[in-house]
Amino acid sequence: MAYKSLAECVNDLEKHGHLIRIKEEVDPYLEMSTIHLRVYENNGPAILFENVKGSSFPALSNLFGTLERSKFIFRDTLPKVQQLVSLRNDPMKALKNPFKYVGSAMSALSALPLKTPSAKNKFLKTSISKLPQIVNWPMDGGPFVTMPQVYTEDVEKPGILNANLGMYRIQLGGNDYIQDKEIGLHYQIHRGIGVHQSKANALGKPLKVSVFVGGPPSHPLAAVMPLPEGLSEMTFAGALGDRRFRYFYDDEGFCISADADFIITGMVYPNENKSEGPFGDHLGYYSLAHPFPLMKVHNVYHKKDAIWSFTVVGRPPQEDTSFGALIHEITGSAIPQEIHGLKEVHAVDAAGVHPLLFAIGSERYTPYLKERKPQEILTIANHILGKNQLSLAKYLFIAAREDDENLSTHHVSEFLQHILERIDFKTDLHFYTNTTIDTLDYSGDGLNSGSKVVFAAAGGIKRKLWDKLSENLSFPDGFKNAEIAIPGVFTLQAEPYKNAEKTAAEIALLNIALRDVDLSGLPLIVLCDDAKFTAKSINNIVWVTFTRSNPAADIYGINDFTINKHWGCKGSLIIDARKKPHHAPELIKDAVVEAKVDEMVKEHGELQRIF
């Protein structure tokens, strides 16, 4: 379906039962996000809020809330685009089977951006304060744009084919921003916009930025796609949407997406920053206030019947989870093709994506030896941790394909058990210290700063994992409520974290108590604040364990040792996943707003049906 606009998509979704309208006035402060979260949790439809308090513009959310709906939206183009991405990663495919891929080549050619100066007369002007001022979480620093397409050009190679289109949140107000004149631009390291700003800074020039909101659904998806080198987001948007990306330049030289519903234009000047945040983020915690680039607003454009597009992020799964599933559908094996020997890689959504990666690689270095051990997969692990966004991972668990041809990185519990059955904690842990981690991860020792660890397992099964705790197992004072989370892993509740010195004393007590106890079937112990909650589900165990720990600081072991600067342990591994004073606050819903929405739902038949 070649949608010309977001409105066309809305009408199509409603026609096929994929969208509901809420006609009652809804407050953009927490109420809209509360409704969104409940609809998403119930696998509900897209939501069109027709009456947003304080704004004349309607707002759409949960557009990509299920993989099924996303496939419906792109039902006519998904197969061709999958071929196109595959072809960009392996051009030899076209030479080997030219007739199979001729459609993909035509898709790429017909998707080239189209300059349409006549579209200028479609747009009206407004101001930042008249846009929907949506605040998703109680401690957010102000209203944010959560589904933006941020467009920048390379000052050394201007033009749309060398441009970058990315999804970086925008703070519309609050903090020290001058209302209607300044907004905050937040982007993380390893982003394309950073390259453009660095080049502009080096020349002492301001960077022109255009923020698009809305437009055909292929546009926001293109902004988050990890595309192969040489395939621009605008070309991809055209191919996926079966409609060329239309654009023009306004009188001030800013690029305008002719199909977008809203466009905010402005300048980012060298070294001009203001405090941005806090913001309830996709790890399930707030990202805190930090200096980020200040964008000085020039114009705010909108179409006559514009629809504002937004999402809500928080502890996974959320709508961005479905985004990730759709991206996987499109890219398939793109990353494995780029890293020799890599068979699968999966960023675990339940752990907040960047904190935890699972991978499977080949282990072929010494086929003449009877016992396999991690060798080639360590080389692959190094390559993974040096690859684009994958380099932000904290924990990487990697297994050998030869040990189980049916192993999948998408089966979280089974994959963890596979690793724990085979890993040797004396030799198979490899740390990277004083390095970069995700900007949104506060488990490290500073912004973007922390450590990484690789758990590498290859060879036969070394231990049978237990799914029960021994009745005779006892712990020192201060530890209680041991619970099996999955076979081989148990949670242990400890007193609240105080400091590193107190933790060292606690670990010493555990060592004394457990060093002579048979824990061979329980290789991993997770220290936490609430053992029952942490062990309740696989999502809970991976979320708590891997978002609340910094490998170099929070991994300990029973009978641990250091030889030639290599750390290991002869007994069970301990991960201290308690909340620490430097961690960001957890996202907690507002009880008053929750109660108000409860009452609203009683008056809305369709919401009642969904819930």
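Residues numbered from 1 in each chain as written. Predicted model: local features only at pLDDT ≥ 70, side-chain atom pairs only at ≥ 80, totals over all residues. Heavy atoms only, no water.

**Here we look at the overall build of the protein**
The following threshold applies: By the criteria applied, helices consist of DSSP H or I runs no shorter than four residues and strands consist of E runs no shorter than two, each listed in order from the N terminus. The globule rule used for comparison is 2.2 Å times the number of residues to the exponent 0.38, while the radius of gyration itself is calculated over C-alpha atoms. A 1.4 Å probe rolled over the protein chains alone gives each residue an accessible area, and that area as a share of the maximum for its type sets the label: buried under 20%, exposed over 50%, partly exposed in between. By the convention used here, residues are in contact when the closest approach between their heavy atoms is within 4.5 Å. Accessible surface area values rest on a Shrake-Rupley calculation with a 1.4 Å probe, where residue burial reflects the displayed protein chains alone. Here the positive residues are Lys and Arg and the negative ones are Asp and Glu; neither His nor the chain ends is included. To locate a charge, take atom NZ for lysine, CZ for arginine, CG for aspartate or CD for glutamate.
A tally of regular secondary structure across the protein gives 19 helices and 30 strands. A compact globule built from 611 residues would reach a C-alpha radius of gyration of about 25 Å, and the protein, at 25 Å, matches this within 12%. Projecting the C-alpha coordinates of the protein onto the three principal axes gives extents of approximately 80 × 65 × 55 Å. In the protein, buried positions account for 58% of the 611 residues. The contacts of the protein with a sequence gap of at least 6 include a subset with a gap of at least 24, amounting to 72%. Of the roughly 25100 Å² of accessible surface on the protein, a fraction of 52% belongs to carbon and sulfur atoms. Computing the positive centroid from 65 side-chain charges and the negative centroid from 72, the protein places the two 4 Å apart.

**Remarks on the sheet that holds strand E18 (residues 308–309)**
Heads up, the condition is: Note on pairing: two strands pair once DSSP finds at least 2 bridges between them. Every axis corresponds to a line fitted to the C-alpha atoms, with the helix fit spanning only the stretch in contact, and the corresponding angles, defined between N-to-C directions, vary from 0 to 180 degrees.
Strand order in this open sheet of 4 strands is E1-E2-E3-E18, and the pairing throughout is mixed. A strand with exactly one partner marks an edge of an open sheet, and here the two such strands are strand E1 (19–26) and E18. Relative to strand E2 (residues 46–52), E1 runs parallel, the two sharing 6 bridges. Each bridged residue has a counterpart across the sheet, and for Glu25 the counterpart in E2 is Asn51. Against the sheet, helix H2 (residues 31–41) makes contact with E1, E2 and strand E3 (59–61), and its axis sits at roughly 160 degrees relative to E2, the strand it touches most.

**Structural notes on the confidence of the model for the protein**
Worth spelling out the cut-off: Per-residue confidence from the predictor is reported as pLDDT, a score between 0 and 100.
Per-residue pLDDT for the protein has a mean of 92; in total, 93% of the residues score no lower than 70. In this model residues 91–96 is a low-confidence stretch, pLDDT under 50, and it forms 6 contacts with partners more than four residues away in sequence or in other chains.

**Observations concerning helix H9 (residues 233–241)**
When you tally the buried positions in H9, you get 9 out of 9 residues, the bulk of the element. Of the residues making up H9, those classed as buried are Glu233, Met234, Thr235, Phe236, Ala237, Gly238, Ala239, Leu240 and Gly241. Looking one or two residues beyond H9, the residue adopting positive phi is Asp242, at roughly 55 degrees.

**Points about the layout of surface pockets**
For clarity, the cut-off: Only protein atoms enter the 1 Å grid used here, on which a cavity is any set of points holding a 1.4 Å probe that cannot leave and a pocket is any open set flanked by protein within 12 Å on both sides along at least five of seven lines; residues with an atom within 4 Å of a point are listed as lining. Grid points are joined across faces, edges and corners, and a volume is the space filled by probe spheres set on the points. Side-chain classes are defined by residue name, with Ala, Val, Leu, Ile, Met, Phe, Trp, Tyr, Cys and Pro counting as nonpolar, Asp, Glu, Lys and Arg as charged, and the others, Gly among them, as polar.
Of the voids in this model, the second largest pocket is the one considered here, and its volume is about 250 Å³. Around the second largest pocket, the lining is made up of 18 residues, and of these Arg463, Ser520, Lys570, Gly571 and Ser572 lie nearest the centre. Among the residues making up the lining of the second largest pocket, the classes are represented as 8 nonpolar, 4 polar and 6 charged.

**Quick look at empty space enclosed by the protein**
A complete count under the given rule lists 5 cavities of 30 Å³ or more for this structure. As a volume, the largest cavity reaches approximately 80 Å³. As for the largest cavity, its lining consists of Leu283, Tyr285, Tyr286, Ser287, Leu440, Asp441, Tyr442, Ser443, Thr547, Arg548, His583 and Ala584. Here the residues of the lining of the largest cavity are counted per class, giving 6 nonpolar, 4 polar and 2 charged.

**Description of the packing of aromatic side chains**
So the rule is basically this: Between 30 and 60 degrees the pair is tilted, below 30 it is stacked and above 60 it is edge-to-face, where a pair is any two Phe, Tyr or Trp rings, Trp via its six-membered ring, whose centres lie within 6.5 Å.
Inspection of every chain in the model, using the stated rule, returns 20 aromatic pairs. Their ring planes at 90 degrees and their centres at 6.3 Å tell us that Phe425 and Phe455 sit as a pair that is edge-to-face. Taken together, the residues span a long stretch of sequence, with Phe425 in the loop between helix H13 (412–422) and strand E22 (429–436) and Phe455 in strand E23 (residues 449–457) at a distance of 30 residues. By relative accessible area, which is 4% here, Phe425 ends up buried. Classification of Phe455 by relative accessible area gives buried; the value is 1%. Members of the aromatic cluster, joined through ring pairs, are Phe358, Tyr395, Phe397, Phe415, Phe425, Phe455 and Phe546.

**Digging into the packing of H2 against helix H18 (residues 591–602)**
Note the cut-off: By the definition adopted for this analysis, an angle is roughly parallel if under 35 degrees, roughly antiparallel if over 145, roughly perpendicular if from 65 to 115, and oblique otherwise. Definitions for this section: a left-handed crossing has its near helix turned counterclockwise from the far helix by less than a right angle. A right-handed crossing has that turn clockwise.
Packing of H2 against H18 leaves a shortest axis separation of 10 Å and a crossing angle of 65 degrees. The orientation of H2 relative to H18 falls into the category roughly perpendicular. In terms of crossing hand, the pair formed by H2 and H18 is right-handed. Across the interface between the two elements, Glu31, Thr34, Ile35 and Arg38 from H2 touch Val593, Glu594, Lys596, Val597, Asp598, Met600 and Val601 from H18. Residues that form the contact of H2 with H18 fall into these classes: 5 nonpolar, 1 polar and 5 charged.

**Quick notes on the state of the cysteines**
Put simply, the test is: Disulfide assignment relies on a single distance test, namely cysteine sulfur atoms paired within 2.5 Å.
Scanning the entire structure with this criterion turns up 0 disulfides. Unpaired in terms of disulfides, Cys528 finds its nearest cysteine sulfur in Cys569, a separation of 18 Å.

**A closer look at the side chain of Ser443**
Applied cut-off: N or O atoms closer than or at 3.5 Å make up a polar contact, with two conditions inside protein: a donor-capable atom paired with an acceptor-capable one, and, for residues adjacent in sequence, both atoms drawn from side chains.
Its location among the elements puts Ser443 in the loop between E22 and E23. What makes Ser443 buried here is its relative accessible area of 2%. Polar contacts involving the side chain of Ser443 include one to the side chain of Lys394, which spans 2.8 Å. Within the structure, Ser443 has its side chain in polar contact with the side chain of Asp441 (distance 2.7 Å). If we ignore the near neighbours within four places in the chain, the residues touching Ser443 are Lys394, Ile437, Thr547, Arg548, Ser549, Asn550, His582 and His583.

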